[in-house]
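Secondary and tertiary structure notes
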Amino acid sequence: MCTPLPGHQPLWAARWVTGPSDDRAALILVMHHVLTDGVGGLAVLTALADEGTDPIADAFPRPLPRWRSVAAATWRERVGALTKTRSGLRASRHGLRELGLGAGRPTFAARTSLNRPTGPRRRLTTIEVPLGGVLDLAHARDCTLNGVVLSGVTGPMATVLRRRGERPGELVVSVPISARREATGGELGNRTGVRPLAIPLLTDPDARLRAIAAMSSGRRGASRGASAGPMGAVFRTLGALGVFQLFIDHQRLVHTFVTNIHGPESAVHFAGHRVGTVIPAAVTPGNVGVCFDVLSYAGRLVVPVVADPDIVPEQALLTDLLDEELTALIGGSAGRSSVLAPG
């Protein structure tokens, strides 16, 4: 995932990895975020599974389209956008509210040592917890599954920062919001906005969870993923000016990302073999030293921790603390797994 995909080829790659024993293997699928978001990526994996019914799997591989058809489709899309100016303006207003900008200027996030320009390496560690325990806790506290994860993530991050002598009052977490709840393998593209949440770093995990539940309840009913429009326009402008990398290397809007994807409730199979675990991992550019990707699959909640080892040398401690925090919150047993060296 840390190796850039060649720009002259389609922006995805797949590797079939065997070992360490004969009865275990892994399919590693890498897709650039410009190609698809998490919902679309999961749709591709589902289509590849034995249970998949998506016709795209039967039509693969396909020849490259002719440039004339691509150009025609692009112009049809642009003309169509011009006829939707009013709805586009309304969506932009919803998007600004989703970004927390509806009432004025953004509030800058506190400076932390976890937010420095990242390098080319990442280390991956994971924990797993019973999905039922997390859902029971979320229902009991009138919050979302993501709220439980946010509480479990920010506590350990605060502990690491305190050990470094830093005590920010809150951590701003960027929560990607997909404009769609499901997709098929033929409906890729990136339709993801973000919702920044300023999580108060209360030492009591229970109080922190209550605060997050109150924040989440106030945002329910908003348009999902509406911020993709204004955010994309800003990023494209920064890219055209040649300052996009400079911006994300020094941004002070968020401290970390927490992505949550709802996967299959029952285990799927690949070439007749049961898929035991699905591990999502997103490599974020810029100055976010650690991010968290969450996926529910077959009764388990997998929480990978993806970090730059030069910025977060305490990743093993951070993962242990996350394990302990979620275990204490749900009152169950979590399972930790260290995966992969720096790459």
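Report follows, based on the coordinates. The structure displayed is predicted, hence computed values, not measured ones.

As a further point, take the overall build of the protein. Assigned secondary structure in the protein consists of 9 helices and 11 strands. For the protein, the residues scored as buried account for 38% of the 343 residues in total. Counting only contacts in the protein whose residues sit at least 6 apart along the sequence, the fraction spanning at least 24 positions is 72%.

All right, on to the nonpolar core then. With 43 residues, the main nonpolar core has Val-148, Phe-292 and Leu-301 as its most contacted residues. When neighbours within four sequence positions are excluded, Leu-301 is seen to be in contact with Ile-127, Glu-128, Val-129, Leu-131, Val-134, Leu-145, Val-149, Val-294, Leu-295 and Ser-296. Membership of the second largest hydrophobic core comes to 7 residues, among which are Ile-261, Val-268, Val-278 and Tyr-297.

On to a nonpolar patch on the surface. Taken together, the side chains of Phe-108, Val-234, Phe-235, Phe-247 and Leu-253 make up a nonpolar region of the molecular surface, amounting to roughly 420 Å² of accessible area. Mapping Leu-253 onto the fold places it in the loop between α8 (244-249) and β6 (256-262).

Once that is clear, we can look at the packing of helix α5 (residues 145-163) against helix α9 (residues 315-330). For the pair α5 and α9, interaxial distance at closest approach is 9 Å and the crossing angle is 140 degrees. When the axes of α5 and α9 are compared, the pair comes out oblique. For the element pair α5 and α9, the recorded crossing hand is right-handed. Judged by residue contacts, Val-148, Ser-151, Gly-152, Val-153, Gly-155, Pro-156, Met-157, Thr-159, Val-160 and Arg-163 of α5 engage Leu-317, Leu-318, Leu-321, Leu-322, Glu-325, Leu-326 and Leu-329 from α9. Here the contact of α5 with α9 is composed, by residue class, of 11 nonpolar, 4 polar and 2 charged.

All right, on to the environment of Ala-110 then. Looking at the element boundaries, Ala-110 is found in the loop between α3 (85-98) and β3 (123-130). Between the alpha carbons of Ala-110 and His-255 there is a distance of 8.4 Å; along the sequence they are 145 residues apart.

Turning our attention to unusual backbone geometry. At Ala-271, a residue that is not glycine, the phi angle is positive and equals roughly 55 degrees. Position of Ala-271 among the secondary structure elements: in the loop between β7 (269-270) and β8 (273-274). Given a relative accessible area of 59%, Ala-271 falls into the exposed group. Even without a glycine there, the phi angle at Ala-298 is positive, about 50 degrees. Structurally, Ala-298 can be placed in the loop between β9 (290-297) and β10 (300-307).

Residue placement: Ala-281 occurs in the loop between β8 and β9. On the accessibility criterion, Ala-281 (27% relative accessible area) is partly exposed. As a C-alpha pair, Ala-281 and Thr-125 span 156 residues in sequence and 9.9 Å in three-dimensional space. In this view, Ala-281 contacts Met-1, Leu-124, Asp-293 and Val-306; residues no more than four positions away in its chain are not counted.

The rules behind these values
- Residues numbered from 1 in each chain as written.
- Predicted model: local features only at pLDDT ≥ 70, side-chain atom pairs only at ≥ 80, totals over all residues.
- Heavy atoms only, no water.
- Helix = DSSP H or I, 4+ residues; strand = E, 2+ residues; numbered from the N terminus.
- Buried < 20%, exposed > 50% of the residue type's maximum accessible area, 1.4 Å probe, protein only.
- Contact = heavy atoms within 4.5 Å.
- Core = buried A, V, L, I, M, F, W, Y, C linked by side-chain atoms within 4.5 Å.
- Patch = residues over 30% accessible without salt bridge, like charges linked within 9 Å, V, L, I, M, F, W, Y side chains within 5 Å.
- Areas by Shrake-Rupley, 256 points an atom, 1.4 Å probe, with all protein chains shown as cover.
- Salt bridge = Lys/Arg side-chain N within 4 Å of Asp/Glu carboxyl O.
- Axes fitted to C-alpha atoms, helices over the stretch in contact; angles between N-to-C directions.
- Parallel < 35°, antiparallel > 145°, perpendicular 65-115°, else oblique.
- Left-handed = near helix turned anticlockwise from the far one by under 90°.
- Nonpolar A, V, L, I, M, F, W, Y, C, P; charged D, E, K, R; others polar.

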